[in-house]
Amino acid sequence: MNFVEARLAKLARNGDRNAFAELVELYKDKIFHLAYRMLNNKQEAEDAVQETFLRVYTNLHRYDENQKFSTWIFRIGTNLCIDKLRRRKNTYSLDAEMPEGEGNDYYAMLPSHEDTPEKQVIVSETQEQIRRAIETLPEKYKSVVILRYLHDMSLQEISDVLDMPVTTIKTRVHRGREYLRKRLEQEDQVGSTNPVHM
């Protein structure tokens, strides 16, 4: 796959519009998913995708073919989202109302063979709680947590994307995970103080 992408990038750099269109096709959904998770706004995510590909196109001459194309494009997309978040000045509310929990733990996210309607509702609520918790992450932890857990990147890949030492990435992943754990525990406590009456 890397050879294909490197070849497409080389062709695109030499003016082959079809090659660039193929790169867009390969990455537009991945970059949108990344941007949407980081920005939590569909319009801003779509704008980020367009800006990412605009930057890719205008900077193709800078792409190092010894580097994975995916690392390069994710770096551009992630940096754009971080810039947008900085401009937004983080106005997250830590007191936002959360869905009521019934003491469910967050391992409900793991795949299960039980697909009862109740289970689907619990998993759906849990996903929503995790999504909201990720939204409240401080900027420096948000990108590493999203790349690690939602894009399944290794610590080394995240290090390459963010251009930071692996040790820094490891620390940020750990701290981001701790932040999420505490945040989700708070939600559980909020849920347990508001029991659901049947």
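Residues numbered from 1 in each chain as written. Predicted model: local features only at pLDDT ≥ 70, side-chain atom pairs only at ≥ 80, totals over all residues. Heavy atoms only, no water.

## Structural notes on the nonpolar core
Selection criterion: As used in this record, nonpolar core signifies buried Ala, Val, Leu, Ile, Met, Phe, Trp, Tyr and Cys residues forming a set joined through side-chain atoms within 4.5 Å. Three exposure classes are used, based on accessible area relative to the maximum for each residue type with a 1.4 Å probe and protein chains only: buried under 20%, partly exposed in between, and exposed over 50%. Numbering of helices and strands runs from the N terminus, with a helix taken as a DSSP run of H or I at least four residues long and a strand as a DSSP run of E at least two residues long. Whether two residues touch is decided by their heavy atoms; if any such pair falls within 4.5 Å, the residues are in contact.
Ranked by internal contacts, the top residues of the largest apolar core, which has 46 residues, are Val56, Phe69, Ile73, Phe74, Leu147 and Leu162. Elements with a minimum of two residues in this core: helix 1 (2-13), helix 2 (17-39), helix 3 (42-58), helix 4 (69-88), helix 5 (117-135), helix 6 (139-150), helix 7 (155-162) and helix 8 (166-193). The contact partners of leucine 147, leaving out residues within four places of it in the chain, are Leu34, Phe74, Thr78, Asp152, Met153, Ile158, Val161 and Leu162.

## Notes on the layout of surface pockets
Threshold: With a 1 Å grid spanning the protein atoms alone, the term cavity applies to any set of points in which a 1.4 Å probe fits but cannot get out, the term pocket to an open set with protein on both sides within 12 Å along at least five of seven lines, and the term lining residue to any residue with an atom within 4 Å of a point. Grid points are joined across faces, edges and corners, and a volume is the space filled by probe spheres set on the points. Here the nonpolar group is Ala, Val, Leu, Ile, Met, Phe, Trp, Tyr, Cys and Pro; Asp, Glu, Lys and Arg are the charged ones; every other residue, Gly included, is treated as polar.
Here the second largest pocket is characterised by a volume of approximately 180 Å³. Around the second largest pocket sit 12 residues that line it, and Tyr27, Lys68, Ser70, Phe74 and Glu157 are the ones nearest its centre. Residue assignment for the lining of the second largest pocket shows that the elements contributing at least two residues are helix 1, helix 2, helix 4 and helix 7. In terms of residue class, the lining of the second largest pocket is built from 5 nonpolar, 3 polar and 4 charged.

## Brief notes about empty space enclosed by the protein
Counting across every chain of the model gives 2 cavities of 30 Å³ or more. A volume near 50 Å³ is recorded for the second largest cavity. In terms of lining residues, the second largest cavity is bounded by Tyr36, Arg37, Asn40, Arg131, Ile134 and Glu135. Mapped onto the lining of the second largest cavity, the elements with two or more residues apiece are helix 2 and helix 5. Of the residues forming the lining of the second largest cavity, the biggest block, 3 residues, is contributed by helix 5. For the lining of the second largest cavity, a count of residues per class yields 2 nonpolar, 1 polar and 3 charged.

## Regarding helix 3
The condition that has to hold: By this rule, a helix spans an expected 1.5 Å times one less than how many residues it contains. Any N or O atom pair separated by 3.5 Å or less is treated as a polar contact, with the protein-specific requirement of one donor-capable and one acceptor-capable atom, and with residues adjacent in sequence counted only for side-chain atom pairs.
Taking 1.5 Å per residue, 17 residues should reach 24 Å; helix 3 reaches 24 Å between its end C-alpha atoms and fits that length. Capping the start of helix 3, asparagine 41 holds a side-chain oxygen 3.0 Å from the backbone nitrogen of glutamine 43, two or three residues further along.

## Some points on the confidence of the model for the chain
The criterion, for reference: Along the chain, pLDDT gives the predictor's confidence residue by residue, from 0 to 100.
Mean pLDDT over the chain stands at 78; residues scoring 70 or higher make up 75%. The weakest mean pLDDT in the chain belongs to helix 5 at 67; the strongest belongs to helix 3 at 93.

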